[in-house]
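Here's the letter readout for the chains.
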Amino acid sequence: MSRPPVPPRRFHAEPLVLVLRHLEAVLDAGPVSIEVPDPDLGRGRYPGERVGPEGGLVHRPLRSWCDLAEGLSCRLRTPRAVDDTHVLLTFEPLGAEAPWHAGGGDRSESPQERYGAASDFARVRKFEDAGFLVPWLQAVERLRLPPGARVLDLGVNRGDELSAFEAVEGVRFVGVDHSASALEEARRAFPDARHAFVQADLNALPAGLGRFDAVVSVGTMQSPGVDDRALLRKLVQEHLEPRASLVLGFPNSRFRDGEVVYGARVRNLREPDLSLLVKDLSFYRRYLHQHGFRTFLGGKYDLLLTAVRGQGADEDGAAQD
């Protein structure tokens, strides 16, 4: 027998930890609504400052409520006005993680098509999410590519991230992926004959790729089965021009029930654990520094390691140790 819905509780100036404990106690019954001071009343105020009539309310920005929902593994529904001082917030528990995080998915598919055009993964359009798009555009701007630059994208899939380079005059893309169906989508997105999309295993890059002005890879080099350290060495030694640059994306998020959730998670651990991510980043930065690159680490849901080598690498803060 299901429990009846919990009626909305109204909060005014109570500590946030009290709000958190209330939600934790009742979320097992399903979506929970609370009434809280309208965040717009405290524009320009810090979280916790007093606002409202006679200072009887505590300000918390909408971003804080979004963070609380994420911490509780919930979706925050669109706030609704209750009256002049309060809005209704509804916290809805999220469903299961996307199957590809655990190597799942449709087992009838070939391994090459697990991330193909017909896969569940293909539903994700990361660059329609500002948390992915804005840091990516900032990373690309640091590369300062010359006209006619050659860009190698490892794990290109359908090529969503390549749109950020189209402002570079005469840019030429080479995308490598193991999914034939995803590569067909990339070819349709970038039909110009100067671009090439190649089906191959990242552990065995085809001969004749040549050298590039930039190499990018988002969430692929750390994939199971990819020898990322050997691949990085091969890129630096065989496929980079003297003044080349890289942008390497390390997943720092996962998807649940259509929502992106911050924090890398090690398999078999329920809570996020960034220790392996930090270890990988330390290796990459150390190796790239040894080969004359300067690096910059940014990003949010994907941590983006930008590495620049050659003249101009340290101008205007383009990259730093």
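Within the chain, the regular secondary structure consists of 6 helices and 16 strands. Its C-alpha atoms put the chain at 70 × 50 × 35 Å along the principal axes. Here the chain holds 321 residues, and the buried ones make up 44% of them. Contacts in the chain between residues far apart in sequence, at least 24 positions, make up 61% of those at least 6 positions apart. With the model as given, the accessible surface of the chain reaches about 16,700 Å², and the carbon-plus-sulfur share is 50%. If you average the places of the 41 positive and of the 46 negative side-chain charges in the chain, the two averages end up 3 Å apart.

Moving on to the pattern of salt bridges. The tally for this structure, following the rule as stated, stands at 16 salt bridges. Beyond isolated ion pairs, a larger network of salt bridges with shared partners links Arg75, Arg77, Glu92, Asp257 and Glu259.

This part covers the side chain of Arg254. Within the element layout of this structure, Arg254 appears in strand β13 (residues 253-256). There is a polar contact of 2.8 Å between the side chain of Arg254 and the side chain of Glu97.

A pair of packed helices can be characterised by two numbers: the angle between their axes and the separation between those axes. Where helix α1 (residues 16-26) meets helix α2 (residues 62-71), the axes come as close as 12 Å, and the angle between the chain directions of the two elements is 40°. The pairing of α1 with α2 is recorded here as oblique in orientation. Crossing hand, α1 versus α2: right-handed. Across the interface between the two elements, Leu16, Val19, Leu20 and Leu23 of α1 pack against Ser64, Trp65 and Leu68 of α2. Classifying every residue of the contact of α1 with α2 by side-chain character gives 6 nonpolar, 1 polar and no charged.

Taken as a whole and judged by the stated rule, the model has 13 aromatic pairs. Pairing Phe165 with Phe173 gives two aromatic rings, centres 6.4 Å apart and planes at 75°, and the pair type is edge-to-face. Residue Phe173 is classed as buried on the basis of its relative accessible area of 1%. Through a chain of ring-to-ring contacts, the aromatic side chains of Trp100, Tyr115, Phe121, Phe132, Phe255 and Tyr301 assemble into a single cluster. Of note, Arg142 hangs over the ring of Phe296, and the distance from its end group to the ring centre comes to 3.6 Å.

Looking now at the environment of Gly175. Structurally, the position occupied by Gly175 is in strand β9 (residues 172-177). Gly175 sits in the buried class, given a relative accessible area of 0%. Residues Gly175 and Val151 lie 24 residues apart in sequence; the distance between their C-alpha atoms is 8.3 Å. Dropping the residues within four chain positions of it, Gly175 is found in contact with Asp153, Val156, Leu183, Ala196, Phe197 and Val198.

What counts and how
Residues numbered from 1 in each chain as written. Predicted model: local features only at pLDDT ≥ 70, side-chain atom pairs only at ≥ 80, totals over all residues. Heavy atoms only, no water. Helix = DSSP H or I, 4+ residues; strand = E, 2+ residues; numbered from the N terminus. Buried < 20%, exposed > 50% of the residue type's maximum accessible area, 1.4 Å probe, protein only. Contact = heavy atoms within 4.5 Å. Areas by Shrake-Rupley, 256 points an atom, 1.4 Å probe, with all protein chains shown as cover. Lys, Arg positive; Asp, Glu negative; His and termini not counted. Charge placed at Lys NZ, Arg CZ, Asp CG, Glu CD. Salt bridge = Lys/Arg side-chain N within 4 Å of Asp/Glu carboxyl O. Polar contact = N/O pair within 3.5 Å; in protein donor to acceptor, adjacent residues only side chain to side chain. Axes fitted to C-alpha atoms, helices over the stretch in contact; angles between N-to-C directions. Parallel < 35°, antiparallel > 145°, perpendicular 65-115°, else oblique. Left-handed = near helix turned anticlockwise from the far one by under 90°. Nonpolar A, V, L, I, M, F, W, Y, C, P; charged D, E, K, R; others polar. Phe/Tyr/Trp six-rings, centres within 6.5 Å; stacked < 30°, edge-to-face > 60°. Lys NZ or Arg CZ within 6 Å of the ring centre and 35° of its normal.

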